[in-house]
Amino acid sequence: MRGGRKPHPYVMPDRPRPVAPRSTSVDRADSRLEAVHVPHLMPEQLRTLERPGALDPRLRSTDRCFQRWASTPGNGGVLPQPARSRLFDSVQAPGVPALNDREAELVDEAVRTADAPEKHFVKLWSRSDATAAEMAELLGMRRRQSVYEERRLVLAYFRGRLTQMGLPLPVWTAET
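Along every chain, residues carry numbers that run from 1 in the direction the sequence is written. Per-residue local features of the predicted model are confined to residues with pLDDT of at least 70, and side-chain atom pairs are confined, for both listing and counting, to 80 or more; whole-chain, interface and lining totals are unaffected and use all residues. Processing note: side-chain calculations cover all non-hydrogen atoms of the structure and skip hydrogens and water entirely.

This part covers the overall build of the chain. Along the chain, the regular secondary structure elements total seven helices and zero strands. A run of DSSP states H or I qualifies as a helix once it reaches four residues; a run of E qualifies as a strand once it reaches two. Both are numbered from the N-terminal end. Secondary structure of the chain in N-to-C order comes out as α-α-α-α-α-α-α. When burial is assessed residue by residue, the chain has 31% of its 176 residues classed as buried. Note on contacts: a residue pair is in contact if any heavy atoms of the two residues lie within 4.5 Å. The contacts in the chain between residues at least 6 apart in sequence include a share of 67% that link residues at least 24 apart. Classification of residues uses two cut-offs on accessible area relative to the type maximum, computed with a 1.4 Å probe and protein chains only: under 20% is buried, over 50% is exposed, and between them is partly exposed.

This paragraph deals with the confidence of the model for the chain. As a per-residue quantity, pLDDT reports the predictor's confidence and falls between 0 and 100. Residue-level pLDDT values for the chain average 76, and 70% of them are 70 or greater. Averaged pLDDT values over the elements of the chain bottom out at 43 in helix α3 (residues 81–91) and peak at 91 in helix α4 (residues 101–112). For residues 75–91, every residue scores under 50 in pLDDT, and the model assigns this stretch 35 contacts once sequence neighbours within four places are set aside.

Right, let's get into empty space enclosed by the protein. In the cavity and pocket records, a cavity denotes points on a 1 Å grid over the protein atoms alone where a 1.4 Å probe fits but cannot get out, a pocket denotes an open set with protein on both sides within 12 Å along at least 5 of 7 lines, and lining residues are residues with an atom within 4 Å of a point. Grid points are joined across faces, edges and corners, and a volume is the space filled by probe spheres set on the points. Under the defined criterion, the tally for this structure stands at one cavity of 30 Å³ or more. Volume-wise, the largest cavity comes out at about 50 Å³. Lining of the largest cavity is provided by Asp63, Phe66, Phe121, Val122, Trp125, Ser126, Arg151, Val154 and Leu155. For the lining of the largest cavity, the secondary-structure elements that each account for two or more residues are α2 (60–70), α5 (116–127) and α7 (145–164). With four residues, α5 is the single largest residue contributor to the lining of the largest cavity.

And the structure:
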């Protein structure tokens, strides 16, 4: 201790003043707005979401969009034409309808303007025949399971981008 002073607790100089109540996250900000109620998921719905390697149902429409994008010939805007023709022989899944021209252009634009890691991942996942282990090695991931975790993040990223660009994607709702 310096100067030989004894420590003493802080004492308010005045009596406590009443403070005006502040709004909290529980309070509605504006009484004219409706309150938002988030539905609780049933146990079987939670099991669907939490299975290892299972894709979140909210992202299935985005995944389906990329499956359709992979089977769309397009104009070579994302991949060079020779690579595109070589990939379409092995990747195009039977029974997966191609995107229409407008949708294909929007998805091409979203992929073209995406950040490099997301762009690289979606090209590997959708338009190559690489296995998860090969993708993990190419992406510098130590575990194969990390590819599936990254897939969820990339699909959520592109769901936001595609929705922002005006591509209507179906929305998953929990059946109650």
